[in-house]
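Observations on the three-dimensional arrangement
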Amino acid sequence: MTDPTQPPAGLTDDGLRAANQAGWNEAAEHHRAHPQFAELLANFARPGFSCLDEVATTRLKMLGVSGQSVAQLCCNNARELLSIRNMGAGRCVGFDFSQAFLDQGRELAAAAGQDLEFVQTEITAIPPGYDENFDLAVMTIGVLGWMPDLSAFFATVARVLKPGGRMFLYEDHPILNMYPDGEQSMPPQPDESYFRSAPYREDSGLDYWSGKSYDAQPVYWTFHKMSDIIMGVVGNGFRIEDFEELPLDIGNRPTFENQPEQLPLSYILIARKGN
Ligand SMILES: C[S@@+](CC[C@H](N)C(=O)[O-])C[C@H]1O[C@@H](n2cnc3c(N)ncnc32)[C@H](O)[C@@H]1O
């Protein structure tokens, strides 16, 4: 029997990225129609609103974002970038390949009365005009798995940062790739190897806000081991300043929290460009 999670034979990285871009543009209307978007619009109309949790807020305050130029790579609707601007950041630029999600970012920025810049681009193709522009590059919750070539991604992060600039990576822990969506058994039962190398095909949609499936364009998620992530960072000229694995769910796995045999659910990594 064929495995429905396998990509089609001969799928290239470019083909995978094109499929993912179509999938994200398709998902945007589902998020736009969700009550959570209306809540974000209302919340950002309040001066100083932030959607960031305490962990991210504390670490960003320690970094000192005030007046800093900030890039968010894979910014989606820019709710986090807007929150960072509301913490006092200077120039803020959001990069994403989904025009439909960037349009939502523009709506939220207008509601907040903030002048963010938005650039529609595949991440590794960020135009050279943005090279060495930023003090801080932010990536959060559900970015690395969309990158078939992790080293090319971290090379791009390095490219857009000024010398001495820092990356702030706050992500789901890669061990979660082992567990099916919606897994409820405790302890959770894995159905994939941590070491899976083929991209994982998913065609039930990307509406993680409602959790509802729809007849969707197939998208492809790549598993990256924690060692690949660390080596991708270090191998692209970064020095790790802070790294912590956390028992905190920052995605869609609330039932995985507060277990006696606790899995790591997220991590935070801060690294500086150069030595
Ligand atoms: C899960 S979302 C990030 C969510 C965001 N951190 C939040 O919590 O609101 C991932 C984003 O990455 C973007 N993306 C995925 N692959 C990309 C690529 N190769 N180039 C540019 N953007 C990409 C998608 O369009 C999507 O907006």
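Residues numbered from 1 in each chain as written. Predicted model: local features only at pLDDT ≥ 70, side-chain atom pairs only at ≥ 80, totals over all residues. Heavy atoms only, no water.

The name given to the protein in an unreviewed UniProt entry is Class I SAM-dependent methyltransferase, with the source organism recorded as Denitrobaculum tricleocarpae.

Turning next to the overall build of the protein. When its secondary structure is counted, the protein shows seven helices and nine strands. A globule of 275 residues ought to have a C-alpha radius of gyration of about 19 Å, and the protein, at 18 Å, matches this closely. Over its C-alpha atoms, taken along the principal directions, the protein stretches across nearly 55 × 45 × 45 Å. A fraction of 74% describes how many contacts in the protein between residues 6 or more apart in sequence connect residues 24 or more apart. Per element, the accessible surface of the protein, about 12200 Å² overall, is 51% carbon and sulfur. Positive and negative charge centroids in the protein, built from 20 and 37 side chains respectively, lie 8 Å apart. (Helix = DSSP H or I, 4+ residues; strand = E, 2+ residues; numbered from the N terminus. Rg over C-alpha atoms; globule rule 2.2 N^0.38 Å. Contact = heavy atoms within 4.5 Å. Areas by Shrake-Rupley, 256 points an atom, 1.4 Å probe, with all protein chains shown as cover. Lys, Arg positive; Asp, Glu negative; His and termini not counted. Charge placed at Lys NZ, Arg CZ, Asp CG, Glu CD.)

A word on the site of the ligand. Taken together, 17 residues are adjacent to the ligand, and N76, R79, D96, E122 and T140 come closest. At 3.0 Å from a nitrogen atom of the ligand is found a main-chain nitrogen or oxygen belonging to I123. Burial of the ligand by the protein amounts to 97% of the accessible area it has alone, namely 610 Å². Residues that form the shell around the ligand fall into these classes: eight nonpolar, five polar and four charged. (Near = heavy atom within 4 Å. Polar contact = N/O pair within 3.5 Å; in protein donor to acceptor, adjacent residues only side chain to side chain. Nonpolar A, V, L, I, M, F, W, Y, C, P; charged D, E, K, R; others polar.)

Our next topic: the sheet that holds strand β5 (residues 161-172). For sheets, the rule is that strands pair by backbone hydrogen bonds, running either parallel or antiparallel. Taking strand neighbours across the sheet as the criterion, the seven strands line up as β3-β2-β1-β4-β5-β9-β8 in an open arrangement whose pairing is mixed. Two strands bound the open sheet, and with one partner strand each, they are β3 (117-120) and β8 (238-246). Taking each pair of neighbouring strands and ignoring which way they run, the sheet shows an average axis angle of 15°. Two strands pair when backbone bridges link them, and strand β4 (residues 134-140) and β5 are joined in this way by six bridges, in the parallel orientation. Within β5, the position partnered with M139 by the bridge is L169. (Pairing = 2+ DSSP bridges. Axes fitted to C-alpha atoms, helices over the stretch in contact; angles between N-to-C directions.)

What follows concerns the UniProt feature "domain: Methyltransferase" (unreviewed entry) in the protein. The feature "domain: Methyltransferase" (unreviewed entry), as annotated in UniProt, sits at residues 70-165 in this numbering. What you have in residues 70-165 is 34% helix and 26% strand, and the ends, taken at the C-alpha atoms, are 10 Å apart. (UniProt positions renumbered as here; feature names shortened; annotations may be inferred.)

All right, on to helix α3 (residues 54-63) then. Within the span of α3, buried status applies to A56, T57, R59, L60 and L63. On its buried side, α3 packs onto α4 (79-86), β4, β5, β8 and β9 (266-273). Here α3 starts with a cap whose side-chain oxygen sits 3.2 Å from the backbone nitrogen of V55, and that cap is D53. In the segment just after α3, G64 is the residue with positive phi, at about 80°. (Buried < 20%, exposed > 50% of the residue type's maximum accessible area, 1.4 Å probe, protein only.)

Before going further, it helps to spend a moment on the side chain of S98. Among the structural elements, S98 can be located in the loop between β2 (92-96) and α5 (99-112). A polar atom in the side chain of S98 sits 3.1 Å from the backbone nitrogen of F101.

Okay, the pattern of salt bridges next. Inspection of the entire model under this criterion finds 19 salt bridges. Among the salt bridges present, the one from E132 reaches K273, with a minimum N-O distance of 3.7 Å. Linking E132 in the loop between β3 and β4 with K273 in strand β9, this pair joins segments that are 141 residues apart in sequence. What makes E132 partly exposed here is its relative accessible area of 45%. Residue classification places K273 among the buried positions, given a relative accessible area of 17%. Each of R166, R239, E241 and R272 takes part in salt bridges that share partners, so that together they form one network. (Salt bridge = Lys/Arg side-chain N within 4 Å of Asp/Glu carboxyl O.)

Here we take up the state of the cysteines. Using the criterion set out here, one finds zero disulfides in the structure. Looking at the unpaired C92, the closest cysteine sulfur is the one in C75, lying at 11 Å. (Disulfide = S-S within 2.5 Å.)

Quick look at the environment of G88 now. With respect to the helices, strands and loops of the structure, G88 is situated in the loop between α4 and β2. In this structure, the C-alpha to C-alpha distance between G88 and T121, residues 33 residues apart in sequence, is 26 Å. Contact partners of G88, with chain neighbours within four places excluded, come to V65, S66 and G67.

Taken as a whole, this structure holds 13 aromatic pairs when the rule is applied. Centre to centre, the rings of F95 and Y130 are 5.1 Å apart; their planes meet at 90°, and the pair counts as edge-to-face. In this pair, F95 is assigned in strand β2 and Y130 in the loop between β3 and β4, connecting sequence segments 35 residues apart. Each of the two residues, F95 as well as Y130, counts as buried. Taking 5.3 Å as the distance between ring centres and 90° as the angle between the ring planes, the aromatic pair formed by Y194 and F195 counts as edge-to-face. Given the relative accessible area of 19%, Y194 is considered buried. What makes F195 exposed here is its relative accessible area of 59%. Linked through ring pairs, W24, F101, W146, Y208 and W221 together constitute an aromatic cluster. (Phe/Tyr/Trp six-rings, centres within 6.5 Å; stacked < 30°, edge-to-face > 60°.)

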